[in-house]
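# Coordinates in review
If you want the building blocks of each chain, they are given just below.
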Amino acid sequence: MVGLVVVSHSARAAAGIVEVASEMGGDTRIEAVGGDGQGGLGTVPDDIETALAAADEGDGVVVLVDLGSAVMNAEVAIELSDVDAVIADAPVLEGAVNAAVTATDPTATLETVCEAAEAARDIDKT
């Protein structure tokens, strides 16, 4: 199964997004990572790398991020990790929900889950 990692500058925001996505994602492994490691805002590559390993069940991990430096730190973490992972260019909450639902399909791949996350950019809210 493809796993997910949600990276936010806020640990509470990441946990909340995972809470919502988990409601729709069945057994999909979704890890939240955020904050600077000292209770403040930020992201830490080592924490993201740990989350990648925790989310990986062998089929790879799709990473959803909130802001610019989270992308940079996620890229560093992916380079340091042995996990096959990609960053989705998607809105973090809607993308996480779409990705979690798609990941429940037994035929889901890293590519299809990432595509589902990125398709969330086109969801109308009103």
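See the structure above.
Just so you know, these numbers come straight off a predicted model, no measurement behind them. (Residues numbered from 1 in each chain as written. Predicted model: local features only at pLDDT ≥ 70, side-chain atom pairs only at ≥ 80, totals over all residues. Heavy atoms only, no water.)

### Some words on the sheet that holds strand 2 (residues 30–34)
Strand order in the open sheet formed by four strands is 2-1-3-4, with parallel pairing between adjacent strands. A strand with exactly one partner marks an edge of an open sheet, and here the two such strands are strand 2 and strand 4 (85–87). The mean inter-strand angle of the sheet, taken between neighbouring strand axes irrespective of direction, is 20°. Lying over the sheet, helix 5 (residues 110–119) contacts strand 1 (3–8), strand 3 (61–65) and strand 4, oriented at roughly 20° with respect to strand 3. (Pairing = 2+ DSSP bridges. Helix = DSSP H or I, 4+ residues; strand = E, 2+ residues; numbered from the N terminus. Axes fitted to C-alpha atoms, helices over the stretch in contact; angles between N-to-C directions. Contact = heavy atoms within 4.5 Å.)

### Here's the deal with helix 1 (residues 11–24)
With 14 residues, helix 1 extends 21 Å between its outermost C-alpha atoms, agreeing within 8% with the 20 Å of an ideal straight helix rising 1.5 Å per residue. The set of residues buried in helix 1 consists of A14, I17, V18 and A21. The buried side chains of helix 1 occupy one side of the element, clustering within an arc of 100° when seen end-on. Facing away from the buried surface of helix 1 by more than 90 degrees, the exposed residues are R12, E19 and E23. The secondary structure elements touched by the buried residues of helix 1 are strand 1, strand 2 and helix 4 (92–103). Looking one or two residues past helix 1, G26 carries a phi angle of roughly 50°, positive in sign. (Expected span 1.5 Å × (residues − 1). Buried < 20%, exposed > 50% of the residue type's maximum accessible area, 1.4 Å probe, protein only. Arc of directions from axis to C-beta.)

### Concerning the pairing of strand 2
One ladder, built from five bridges, connects strand 1 with strand 2; its direction is parallel. For V7, the partnering residue across the bridge sits in strand 2 and is V33.

### Some thoughts on helix 2 (residues 45–55)
All buried positions along helix 2 are accounted for by I48, A51, L52 and A55. Projected onto a plane normal to the axis of helix 2, the buried residues spread over an arc of 105° and lie on a single side. The exposed residues of helix 2 that point more than 90 degrees off its buried face are T50 and A53. Taken together, the buried residues of helix 2 touch strand 1, strand 2, strand 3, helix 3 (68–80) and strand 4.

### A short note on the side chain of T43
Here T43 lies in the loop between strand 2 and helix 2. For T43, a relative accessible area of 13% gives the class buried. Within the structure, T43 has its side chain in polar contact with the side chain of N73 (distance 2.7 Å). Those residues in contact with T43 that sit more than four places away from it in its chain are V7, S8, H9, G35, I48, S69, A70 and N73. (Polar contact = N/O pair within 3.5 Å; in protein donor to acceptor, adjacent residues only side chain to side chain.)

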